[in-house]
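# Survey of secondary and tertiary structure
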Amino acid sequence: ALVHRRTFVVKEVPYTRLCSTKNILTVNGQFPGPTLYARKGDTIIVDVHNKGNQNITIHWHGVKQPRNPWSDGPEYITQCPIQPGAKFSQKIILSTEEGTLWWHAHSEWDRATVCGALVIYPKKGTNYPFSKPHAEFPLILGEWWKEDIEELYTEFLKSGGDPNISDALTINGQPGDLYPCSKPDTFKLMVEHSKTYLLRLINSGLQDILFFSIANHSLTIVGSDASYTKPFVTNYIAISPGQTIDFLLTADQDPHHHYYMGAKVYTATSNPFDNTTTTALLHYGDFTPSNSPPFSPYLAPYNDTNSSVSFTGRLRSLADKIHSVVDVPLNINDRLFFTLSINTFPCRQNDSCQGPNGSRLAASVNNVSFVTPTVNSILQAYYYHANGVFGDRFPDFPETLFDFTATDLPLYLETPKSRTEVKVLEYNSTVEIVFQGTNVTAGAADHPMHLHGFSFYVVGWGFGNFDKDKDPLNYNLVDPPLQNTIAVPVNGWTTVRFKADNPGVWFMHCHVDRHMSWGMTMAFIVKNGKFPNAQILPPPPDMPPC
Ligand code: C2O
Ligand code: CU
């Protein structure tokens, strides 16, 4: 295993999209940011220099970071932010992950432009569980706002309502042919006829699940969230913010044509959303394309929940001794039931309170709207025994309390409690979480839930209320997919399992940033095990000061 060293200089540079120029926060001036490459088991040390004018943190999304929560990145959860002019050397310890992950800012909404791919190759001497592709490329889906991202975020907080919608979706930072002033820079993928390519698709977007497809070509799914899956053939992908999908593409169509790949939003809510389509081009390199317009991919209607859940429901882990050992916990020590709600708070003075009936919008897990600490991080407070930063009484919520997906839920559920509460887990305990979507006041939505420090097995999902007697009988304990982000379907539930074998403080949240900022987040503390090799590593000397 190797140790790689990389430098990330966070700085503002001007970028032009959609006919206008603005300064954006970047890493090394690049948007999307640089791709990190390593092999399974390697370590990457990234020296993060903040040369921008705002606080920042960087998170390595999907990296378990065994015993090393110090470098995980979420601001005020595991560290205080890196201040302008300061530097933090983060250690990315790759253990069991293999495939595609990504990194992104984990402070305010900076990840809109501060993000990039993390490619983890098999160990030396081992291979992919499929034939070696001719070449491989990351495809990063994202969003573009004409507005400054810091302003967007500040305005969003002030308004109490939904944020402004993005002005474009992007593929590798480019909106593509269908947007003004964007055609010349459309991302182009050059392929050779009859060759097979590995594409590493990442949804880095802040707000929505996306549908993705390539005209006339079928896609063979081989992995998600740095874990291989049983291959399956599909003509579209549904991908959550935070999630990655690896697929093989064989260039087997008429090389005299060119083909669009495209992405657009899936949403089950009636809120305004960016209803545009981003495209990139697939070119067969050795041929001069005909003058006819490129073929367009079929993308499902924006509210096609079935297409979204049926794609996700097809993911199965590869029960293959070399590439993935399925070790889904069978006996559960901690059964957790977490409701996910969009709520409202009463209007505060000086706010514009654009939520329903003059309220401000909120969101919660078990009716607790998480309050992010502002002066210390939970990890540092826990490690150094500082009081007053967080509570350890994250509430239980009985499964049978309500008909969560009904329209006549009791009014008191509308207003959550504001708290900084964590759930404490014993080292090596086996944990099951049932995420239950609800239809509280401000309405139901899909919630891509993401856990730091672990991947979890997704053992079941369904619509309506979770039935604790019947639904567990249908759990897939044989080949459930191993993911770090899973979209809990609108007005439905999803069950995940993991073993708490990674001591530390680990954030969990909806990866839709407006839901996250409204409080649909919580954190776990996993206690140290008995032996030194089951305990949190000592903190690095250059932790950013609080
Ligand atoms: Cu991709 Cu907590 O983040
Ligand atoms: Cu959500």
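For the protein, the name recorded in an unreviewed UniProt entry is Laccase, with Ziziphus jujuba as its organism. Comment text from UniProt for the protein, heading Sequence similarities (unreviewed entry), reads "Belongs to the multicopper oxidase family." Recorded in UniProt for the protein, the comment headed Subcellular location (unreviewed entry) runs: "Secreted, Extracellular space, Apoplast".

What follows is about the overall build of the protein. When helices and strands are tallied, the protein shows four helices and 32 strands. The C-alpha atoms of the protein give a radius of gyration of 22 Å, which matches the 24 Å a tight globule of 546 residues would have. With the C-alpha coordinates aligned to their principal axes, the bounding extent of the protein is approximately 65 × 55 × 55 Å. Within the protein, the fraction of its 546 residues that count as buried is 51%. Nonlocal contacts in the protein, meaning residues at least 24 apart in sequence, comprise 79% of its contacts between residues at least 6 apart.

The five strands lie next to each other as 11-19-18-13-16, forming an open sheet whose pairing is mixed. Both edges of this open sheet fall to strand 11 (188–191) and strand 16 (237–239), since each of them pairs with a single strand only. Strand after strand, the sheet turns through a mean of 20° between neighbouring axes, direction not considered. Two strands pair when backbone bridges link them, and strand 13 (residues 209–214) and strand 18 (residues 259–266) are joined in this way by six bridges, in the antiparallel orientation. Bridging from a neighbouring strand, Phe-212 pairs with Ala-263 of strand 18. Sheet strands touched by helix 2 (residues 305–312): strand 13, strand 16 and strand 18. Its angle to strand 16, the strand with the most contacts, is close to 90°.

Turning to the UniProt feature "domain: Plastocyanin-like" (unreviewed entry) in the protein, a few remarks are in order. According to UniProt, the feature "domain: Plastocyanin-like" (unreviewed entry) maps to residues 10–124, 136–285 and 397–529 in the numbering used here. The span residues 10–124 is 0% helical and 46% strand by assignment, and the distance between its end C-alpha atoms comes to 32 Å.

Moving on: the sheet that holds strand 12 (residues 196–203). The six strands lie next to each other as 10-9-12-17-14-15, forming an open sheet whose pairing is mixed. Both edges of this open sheet fall to strand 10 (168–171) and strand 15 (227–234), since each of them pairs with a single strand only. Neighbour-to-neighbour, the strand axes of this sheet turn through a mean angle of 25°, independent of strand direction. Direction of pairing for strand 9 (residues 135–144) relative to strand 10: antiparallel, over a ladder of four bridges. Residue pairing for strand 10: Glu-143 is matched across the bridge by Leu-169.

Detailed conclusions should not be drawn from predicted coordinates in areas where pLDDT is low. Across the protein, the average pLDDT comes to 95, with 100% of residues at 70 or higher. Reported confidences for the modelled complex are a pTM of 0.97 and an ipTM of 0.99.

Let's shift gears to helix 2. When we look at burial in helix 2, the residues that qualify are Ser-308, Val-309, Phe-311 and Thr-312. For helix 2, the buried positions fall inside an angular range of 160° around the axis, keeping them on one side. Helix 2 presents Asn-306 and Ser-310 as exposed residues on the side facing more than 90 degrees away from its buried surface. Contacts from the buried residues of helix 2 go to strand 13, strand 15, strand 16, strand 18 and strand 29 (485–488).

Our next topic: helix 1 (residues 149–159). Buried within helix 1 we find Ile-149, Tyr-153 and Phe-156. Take helix 1 and look down its axis: the buried residues cluster within an arc of 60°, on one side only. Tucked into the core, helix 1 has its buried residues touching helix 4 (513–518).

Take the pairing of strand 21 (residues 360–365) next. Within strand 21, six of the six residues are buried, leaving the element largely enclosed by the surrounding structure. Because side chains alternate across strand 21, one face comprises the buried residues Arg-360, Ala-362 and Ser-364, and the other comprises Leu-361, Ala-363 and Val-365, equally buried. Relative to strand 21, strand 20 (residues 334–345) runs antiparallel, the two being bridged by six bridges. Across the sheet, Leu-340 pairs through a bridge with Val-365, a residue of strand 21.

Ranked by internal contacts, the top residues of the largest apolar core, which has 143 residues, are Leu-141, Leu-201 and Ala-523. When sequence neighbours within four positions are dropped, the list of residues in contact with Ala-523 reads Ile-77, Ile-378, Val-422, Val-505, Trp-506, Phe-507 and Met-508.

Before going further, it helps to spend a moment on the pairing of strand 18. Most of strand 18 sits inside the fold, with eight of its eight residues counted as buried. Relative to strand 19 (residues 278–284), strand 18 runs antiparallel, the two sharing five bridges. Across the sheet, the residue bridging to Gly-262 is Thr-279, located in strand 19.

Let us now look at unusual backbone geometry. A cis amide bond, omega -10°, links Phe-31 with the succeeding residue Pro-32. Tracing the backbone through its elements, the reader meets Pro-32 in the loop between strand 2 (20–27) and strand 3 (36–39). Of note in the backbone geometry, Tyr-76 takes a positive phi value of approximately 65° without being a glycine. Following the sequence through the fold, Tyr-76 ends up in the loop between strand 5 (58–61) and strand 6 (87–93).

Procedures and definitions
- Residues numbered from 1 in each chain as written.
- Chains lettered and ligands numbered in written order.
- Predicted model: local features only at pLDDT ≥ 70, side-chain atom pairs only at ≥ 80, totals over all residues.
- UniProt positions renumbered as here; feature names shortened; annotations may be inferred.
- Helix = DSSP H or I, 4+ residues; strand = E, 2+ residues; numbered from the N terminus.
- Rg over C-alpha atoms; globule rule 2.2 N^0.38 Å.
- Buried ≥ 20, exposed ≤ 12 C-beta atoms within 10 Å, placed from the backbone.
- Contact = placed C-beta atoms within 7 Å.
- Pairing = 2+ DSSP bridges.
- Axes fitted to C-alpha atoms, helices over the stretch in contact; angles between N-to-C directions.
- pLDDT = per-residue confidence, 0-100.
- Arc of directions from axis to C-beta.
- Core = buried A, V, L, I, M, F, W, Y, C linked by C-beta atoms within 7 Å.

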